[in-house]
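A look at the structure
Okay, here's what each chain looks like letter by letter:
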Amino acid sequence: VGRVAAAAVLAAALVWLGPRASAGPVGIPVEVPEPHGRQVEAIAAGADVATRVEARPFVARPDVFEYLLDHPELAAHVARTLRVARYRVWRTPEGLALDDGWGVRGHFRVVYAHDGTRVMLARGQYDHALLPPIRGQAVAMIEYRLEPAPNGRSLVRPVVSGYVKLDSRVLAGLLKVASAAAQRKADLEAHRLAKVFARVSRELD
């Protein structure tokens, strides 16, 4: 289930997540414009699994960090070149397409980009040989502050949040039974994805 969240989290997790995760996520703190605003609010409010992770601050060139944030297809390409991930992201008429190389496929798009906040909306599917297809929608959000640092760089203080709502209410019910395991899995996936894209930002810098 955690890999379903990857369809949305991939675009936002361009930072190295620290070891702390908060006790639970909060709502989307910005007003996403229509036609996506109500959908974002509904997914966040009715999420079957959610994560909110305070990231470890890191130093980077702000232009490189924000360019990667707004061009996840480049971040994925560099990650594959460095052989630290198998993700593929490319532009289509439906938005950005994603294939994580491990069974997750879907589309996502940035629906809010302003004042240190990015919100992504996604629909994805996880395929596994031993399971029926797991389909769902997701919202990912990254909030960040930039503080001055030497040599034209900034200290980036980010917070990454993710919300996943499954299409199947049966699977959603099973997920709630195993809520602790699902939460750990969601947090772990966020950490793994963020680690990959932290490496990308450092290499491009």
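Shown above is the structure to which this text applies.
Here's a quick rundown of the structure. Think of each chain on its own: its residues are numbered from 1, step by step along the sequence as written. The predicted nature of this model means local features are confined to residues of pLDDT at least 70 and side-chain atom pairs, given and counted, to a pLDDT of 80 or more, with totals for whole chains, interfaces and linings taken over all residues. Water and hydrogen atoms were dropped before computing side-chain values, which therefore reflect all heavy atoms in the structure.

Turning next to unusual backbone geometry. Negative phi is the rule for most residues except glycine; trans is the rule for most peptide bonds. Cis peptide bonds are those with omega within 30 degrees of zero, and the linkage from Glu34 to Pro35 qualifies with 20 degrees. Although it is not a glycine, Asp115 adopts a positive phi angle of roughly 50 degrees. Within the chain, Asn151 stands out as a residue other than glycine whose phi angle is a positive 60 degrees. Mapping Asn151 onto the fold places it in the loop between strand 8 (131–148) and strand 9 (154–166). Asn151 sits in the exposed class, given a relative accessible area of 69%. Segments assigned H or I by DSSP are reported as helices when at least four residues long, segments assigned E as strands when at least two residues long, and all are numbered from the N terminus. Here the term buried applies to any residue with accessible area under 20% of the maximum for its type, exposed to any over 50%, and partly exposed to those in between, with areas from a 1.4 Å probe on protein chains only.

On to the packing of aromatic side chains. Pairing of aromatic rings covers Phe, Tyr and the six-membered ring of Trp, with a centre-to-centre limit of 6.5 Å; geometry is then stacked below 30 degrees between planes, edge-to-face above 60, and tilted otherwise. Summed over the entire model, instances satisfying the criterion amount to one aromatic pair. When the ring of Phe65 is compared with that of Tyr144, the centres are 5.1 Å apart and the planes differ by 85 degrees; the resulting orientation is edge-to-face. You can see Phe65 sitting in helix 3 (residues 62–70) and its partner Tyr144 sitting in strand 8, a full 79 residues away along the chain. What makes Tyr144 buried here is its relative accessible area of 8%.

The next thing to look at is the side chain of Gln137. By the element assignment, Gln137 lies in strand 8. Whenever two N or O atoms come within 3.5 Å, that pair is a polar contact, provided that in protein one can donate a hydrogen and the other can accept it, and provided that, for residues adjacent in sequence, both atoms are side-chain atoms. A polar side-chain atom of Gln137 sits 2.7 Å from a polar atom in the side chain of Gln39. Contact definition: two residues touch when any of their heavy atoms are within 4.5 Å. Not counting residues up to four positions away in its chain, the partners in contact with Gln137 are Gln39, Ile43, Ala122, Arg123, Tyr163, Val164, Lys165 and Asp167.

In this section: the packing of helix 3 against helix 4 (residues 72–81). Angular values range over 0 to 180 degrees, each being the angle between N-to-C directions of two axes fitted as lines to C-alpha atoms, with helices fitted over their stretch in contact. Where helix 3 contacts helix 4, the axes come no closer than 5 Å and their chain directions differ by 100 degrees. Looking at the two axes, helix 3 sits roughly perpendicular to helix 4. Residues Tyr67, Leu68, Leu69 and Asp70 of helix 3 touch helix 4, and the partners they reach there are Pro72, Leu74 and Ala75. In terms of residue class, the contact of helix 3 with helix 4 is made up of six nonpolar, no polar and one charged. The cut-offs work like this: below 35 degrees is roughly parallel, past 145 is roughly antiparallel, 65 to 115 is roughly perpendicular, and the gaps in between are oblique. Under the convention adopted here, Pro, Cys and the residues Ala, Val, Leu, Ile, Met, Phe, Trp and Tyr are nonpolar, Asp, Glu, Lys and Arg are charged, and Gly plus all remaining residues are polar.

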